[in-house]
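Residue strings, one per chain:
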Amino acid sequence: MNEQIELPSYLEQSPEVAARFQRIQARPEVLKVANMGRVFDSNKGPVQALNDINFSVRRREFVCVIGQSGCGKSTLIRILAGLDQPTSGQVLCDGEPVTGPGKDRGMVFQGYTLFPWLTVKQNVMFGPAMEGRKGQAAESEALQWIEMVGLEKFAESYPSELSGGMKQRVAIARAMANQPRILLMDEPFGALDAQTRAQMQQHLLQIWRAVDATILFITHDLDEAVLLADRILVLGANPSRVQEVIEVPVPRPRTLDQCLSPSFLATKKRLEELIHPQTERKASFKIPRLVAADDDVL
Ligand SMILES: Nc1ncnc2c1ncn2[C@@H]1O[C@H](COP(=O)(O)OP(=O)(O)OP(=O)(O)O)[C@@H](O)[C@H]1O
């Protein structure tokens, strides 16, 4: 039997979800990106990586950014972090122009960026210590963050003694210990196996619910974006612009079970239409013949 399930529109929101978006709209803007562009000079001439990007993120909102490879996601997050500068437009964090890195913006990358010579606790205390916050109070605060990510038994361990998922949990605790206004995450779970990744997604949602954190999260994974985000920013390519902003209609709290709900599937379908349009030309490349035609293969 070839039965097709009729999906609702991804624009359809239950009253509960619509009310949540109204509440978010009423909150102050933590991050504002206005008419922002970035042109790189290259030996083949200028490369317009980002063009006229406009969006804002409100307090305690969870925003995911998706887009095809090379559409400028990393460039965007590097500019938001203050690690790169736009060539036009501006970025405001709490109304102040971003001119460089700052403790109001924490970063978690895909690669494990812990200091290998420091213990988990020392890694988490690193930022506060640079600010002059040391001693018993700073230590017990660090231990609270370590507990929040469920690693209290590993406070004295070194990064080499931890799994990939555990290292990323330390990276989140370390970023949060600086009490950032916004946490910028660039494919933080990209290197993890599927099961660990699913656990980390739930862990991140728990942390986000427990603290006053605004999150901007880059991912290639459409399921991950729908599972985590309030809104999903879809970047189009050549040059990169905000192609669509999707308000995820899936109610919270989110669990893995919801990945099969009609609203989840409808949102994912819309993302697929945007990221992999039907009209996209099929790849036409030639694979060199590696064996002679008369070889006996398979
Ligand atoms: N330093 C640079 N010099 C020249 N061009 C650059 C530079 N950095 C990025 N680009 C170009 O800008 C565009 C966007 O790159 P970016 O790395 O931001 O994309 P991305 O969406 O993060 O890609 P991926 O998903 O593959 O990581 C690409 O065309 C890239 O070649």
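Identification of the protein as ABC transporter from Roseibacillus persicicus is taken from an unreviewed UniProt entry.

1. A word on the sheet that holds strand β4 (residues 88-93)
Taken together, the four strands give an open sheet; going across it, the order is β2-β1-β4-β5, and neighbouring strands pair in antiparallel fashion. One side of each edge strand has no neighbouring strand; the edge strands of this open sheet are β2 (45-58) and β5 (96-97). Inspection of the sheet shows β4 paired to β5 by two bridges, in the antiparallel sense. When the sheet's bridge partners are listed, Leu 92 is paired in β5 with Pro 97.

2. Considerations on empty space enclosed by the protein
One pass over the full model with this rule turns up one cavity of 30 Å³ or more. Approximately 30 Å³ is the volume found for the largest cavity. Along its surface, the largest cavity is lined by Pro 128, Arg 133, Ala 138, Glu 141, Ala 142, Trp 145 and Ala 177. The residue makeup of the lining of the largest cavity, split by class, is five nonpolar, no polar and two charged.

3. Considering the pattern of salt bridges
The tally for this structure, following the rule as stated, stands at 18 salt bridges. For Asp 84, the salt bridge is made with Arg 38, and the minimal N-O distance between the two is 3.0 Å. With Asp 84 in the loop between α2 (73-81) and β4 and Arg 38 in strand β1 (residues 29-42), this residue pair connects regions lying 46 residues apart in the sequence. One exposure class covers both Asp 84 and Arg 38, and it is buried. Across the pair Arg 59 and Asp 212 runs a salt bridge whose closest N-O atoms are separated by 2.5 Å.

4. Quick notes on the nonpolar core
Among the nonpolar cores identified, the biggest contains 55 residues, and Phe 62, Ile 172, Phe 217 and Ile 232 are the most heavily contacted of them. A per-element tally of this core places helix α5 (residues 164-177) first, with eight residues. Among the domains, domain 1 (21-104 + 180-275) and domain 2 (116-179) are the pair contributing at least three residues each to this core. Here Ile 172 is in contact with Val 108, Met 185, Phe 189, Met 200, Leu 204 and Ile 207, once residues within four sequence places are set aside. Grouped together as the second largest cluster of nonpolar side chains are 26 residues, Ile 53, Val 91, Val 98 and Leu 216 included.

5. Some points on the pairing of β4
Across five bridges, β1 lies against β4 in antiparallel orientation. Paired with Gly 37 across the strands is Ser 88, a residue of β4. Once β4 ends, the chain turns through two residues before running back antiparallel as β5, passing Asp 94 with a positive phi of about 50°.

6. Remarks on the pairing of β1
Two faces belong to every sheet, and in a regular strand the side chains alternate between them. When β1 meets β2, the two strands line up antiparallel, connected through 10 bridges. Each residue of the ladder has a partner; that of Lys 32, found in β2, is Ser 56. Hairpin remark: β1 followed by β2, antiparallel, with two residues in the connecting loop.

7. Side note on the side chain of Asp 230
For Asp 230, the location among the structural elements is in the loop between α7 (222-228) and β9 (231-236). When near neighbours in sequence (up to four residues on either side) are disregarded, Asp 230 contacts Arg 20, Phe 21, Ile 24, Arg 60, Glu 61, Phe 62, Trp 208, Ile 246, Glu 247, Val 248 and Arg 252.

8. So, the side chain of Arg 105
Tracing the sequence through the fold places Arg 105 in strand β6 (residues 105-108). A polar contact is formed between the side chain of Arg 105 and the backbone oxygen of Gly 100, at a distance of 2.9 Å. Excluding residues within four positions of it along the chain, Arg 105 makes contact with Leu 80, Ala 81, Gly 82, Cys 93, Val 98, Gly 100, Pro 180, Ile 182 and Leu 184.

9. Some details on unusual backbone geometry
Cis rather than trans, the peptide bond between Arg 252 and Pro 253 has omega equal to 0°. Tracing the sequence through the fold places Pro 253 in the loop between β10 (241-247) and α8 (262-275). Phi is positive for Arg 60, which is not a glycine, with a value near 65°. Residue position: Arg 60 is located in the loop between β2 and β3 (62-67). By relative accessible area, Arg 60 is classed as partly exposed at 31%. Here Gln 179, not a glycine, exhibits a phi torsion of approximately 50°, which is positive. Examined against the element boundaries, Gln 179 turns out to sit in the loop between α5 and β7 (182-186).

Rules of the game
- Residues numbered from 1 in each chain as written.
- Predicted model: local features only at pLDDT ≥ 70, side-chain atom pairs only at ≥ 80, totals over all residues.
- Heavy atoms only, no water.
- Pairing = 2+ DSSP bridges.
- Helix = DSSP H or I, 4+ residues; strand = E, 2+ residues; numbered from the N terminus.
- 1 Å grid on protein atoms, 1.4 Å probe; cavity = no way out; pocket = protein on both sides within 12 Å on 5 of 7 lines; lining within 4 Å.
- Points joined across faces, edges and corners; volume = space filled by probe spheres on them.
- Nonpolar A, V, L, I, M, F, W, Y, C, P; charged D, E, K, R; others polar.
- Salt bridge = Lys/Arg side-chain N within 4 Å of Asp/Glu carboxyl O.
- Buried < 20%, exposed > 50% of the residue type's maximum accessible area, 1.4 Å probe, protein only.
- Core = buried A, V, L, I, M, F, W, Y, C linked by side-chain atoms within 4.5 Å.
- Domains from an automatic or database assignment.
- Contact = heavy atoms within 4.5 Å.
- Polar contact = N/O pair within 3.5 Å; in protein donor to acceptor, adjacent residues only side chain to side chain.

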